[in-house]
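Per-entry structural report
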Amino acid sequence: RTRQVVGSPAEENGPAWAPDGKGFSYASTIGRETEIYYKALDAAEPTLLVPASAKVWAIDTFFSKDGSKVYFIGMKDGKRMLGAVNRAGGAMEVVLDDLGGFLAMNGVVLTPDGKSLVVVKVAGDGSPALWTSTPPGAAPVKLEGAPVMDPAVGRCYLRFSPDGKKLLATTSGS
């Protein structure tokens, strides 16, 4: 059985199930104005977490392991960044700033144990590479031994295997 749980004139992107399965987060964009929402399945309306006035253009959301935070990849002040907000609402925080590249590059995933983030960060020489942030929000460190990424990489998606031992990275050209 299917049912529509969100409907608006906006473009809704980057949905993610909450770990408890009781709701989901998503980014809702009209033009370059994005809002981040949490929609409990038993609620009539979604909860606004990040308003358009925050001036973040976001495309993807995901949860912390315990479900208390909603992370999102976005652009703020012309820089690609990772933001977060409490699932219940509150002030937005910039978790990682100045990741380089452009919004559609995406490329952020939380490790299955929730203790680290793996991100595609564009270094000063313009080449994208995998970096880790342990704990989430700590200064990123380049992941040594990771495959070299093509500087023309466009989109990049990162996902861990169910056992958490392997990282899958898919990329496309710009």
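Refer to the structure above for everything that follows.
How each quantity is defined
Residues numbered from 1 in each chain as written. Predicted model: local features only at pLDDT ≥ 70, side-chain atom pairs only at ≥ 80, totals over all residues. Heavy atoms only, no water. Helix = DSSP H or I, 4+ residues; strand = E, 2+ residues; numbered from the N terminus. Rg over C-alpha atoms; globule rule 2.2 N^0.38 Å. Phe/Tyr/Trp six-rings, centres within 6.5 Å; stacked < 30°, edge-to-face > 60°. Buried < 20%, exposed > 50% of the residue type's maximum accessible area, 1.4 Å probe, protein only. Core = buried A, V, L, I, M, F, W, Y, C linked by side-chain atoms within 4.5 Å. Contact = heavy atoms within 4.5 Å. Pairing = 2+ DSSP bridges. Axes fitted to C-alpha atoms, helices over the stretch in contact; angles between N-to-C directions. Salt bridge = Lys/Arg side-chain N within 4 Å of Asp/Glu carboxyl O.

Some thoughts on the overall build of the protein chain
When its secondary structure is counted, the protein chain shows 0 helices and 14 strands. Across the protein chain, helices and strands are ordered from the amino to the carboxyl terminus as β-β-β-β-β-β-β-β-β-β-β-β-β-β. What you see for the protein chain is a C-alpha radius of gyration of 16 Å, in line with the 16 Å of a compact globule of 174 residues. When the backbone C-alpha atoms are referred to their principal axes, the protein chain occupies close to 50 × 35 × 30 Å.

Topic: the packing of aromatic side chains
Evaluated as defined, the whole model comprises 5 aromatic pairs. Ring geometry for phenylalanine 24 against tyrosine 26: centres 5.8 Å apart, planes inclined by 35 degrees, an arrangement best described as tilted. In this pair, the class of phenylalanine 24 matches that of tyrosine 26, namely buried. An angle of 15 degrees between the planes, with centres 5.4 Å apart, marks the rings of tyrosine 26 and tyrosine 37 as stacked. With a gap of 11 residues between them, tyrosine 26 in strand S2 (residues 23-30) and tyrosine 37 in strand S3 (residues 33-40) connect regions that are remote in the sequence. We note that tyrosine 26, like tyrosine 37, is buried. Taken together, the ring pairs in this structure connect Trp17, Phe24, Tyr26 and Tyr37 into an aromatic cluster.

Quick word on the nonpolar core
Grouped together as the largest cluster of nonpolar side chains are 16 residues, with contacts concentrated most on Ile36, Leu49, Val50 and Phe72. Those elements that place two or more of their residues in this core are S3, strand S4 (47-50), strand S5 (56-63), strand S6 (69-76) and strand S7 (79-86). The residues touching phenylalanine 72, leaving out its near neighbours within four places in the chain, are Ile36, Val50, Val56, Ala58, Asp60, Thr61, Met81, Leu82, Gly83, Ala84 and Met92.

Section: the sheet that holds strand S1 (residues 11-17)
What the 4 strands build is an open sheet, ordered S1-S2-S3-S4; its pairing is antiparallel. Across the chains shown, the open sheet's two edge strands, defined by having one partner strand only, are S1 and S4. The average angle at which neighbouring strand axes cross in this sheet is 30 degrees, direction not considered.

What about the environment of serine 53?
Mapped onto the elements, serine 53 comes out in the loop between S4 and S5. Sequence spacing of serine 53 and glutamate 35 is 18 residues, and the spatial spacing of their C-alpha atoms is 8.6 Å.

Quick look at the pattern of salt bridges
Side chains carrying opposite charge are able to pair once their charged atoms draw close together. Applying the stated criterion across every chain yields a total of 2 salt bridges. Aspartate 20 is the partner of arginine 87 in a salt bridge, and the nearest nitrogen-oxygen pair spans 3.0 Å. Taken together, the positions of arginine 87 in the loop between S7 and strand S8 (93-96) and aspartate 20 in the loop between S1 and S2 put the pair 67 residues apart, joining distant regions of the chain. Salt-bridge contacts for lysine 69 lead to glutamate 93; the nearest nitrogen and oxygen are separated by 3.0 Å. With lysine 69 in strand S6 and glutamate 93 in strand S8, the pair connects residues that are 24 residues apart, well separated along the chain.

Topic: unusual backbone geometry
A cis geometry characterises the amide bond from threonine 134 onward to proline 135, with omega recorded as -10 degrees. Along the chain, proline 135 falls in the loop between strand S11 (128-133) and strand S12 (141-142). One non-glycine residue, lysine 55, lies in the positive phi region at around 60 degrees. Inspection of the secondary structure puts lysine 55 in the loop between S4 and S5. By relative accessible area, which is 58% here, lysine 55 ends up exposed. Look at aspartate 77: it is not a glycine, yet its phi comes out positive at around 55 degrees. Mapped onto the elements, aspartate 77 comes out in the loop between S6 and S7.

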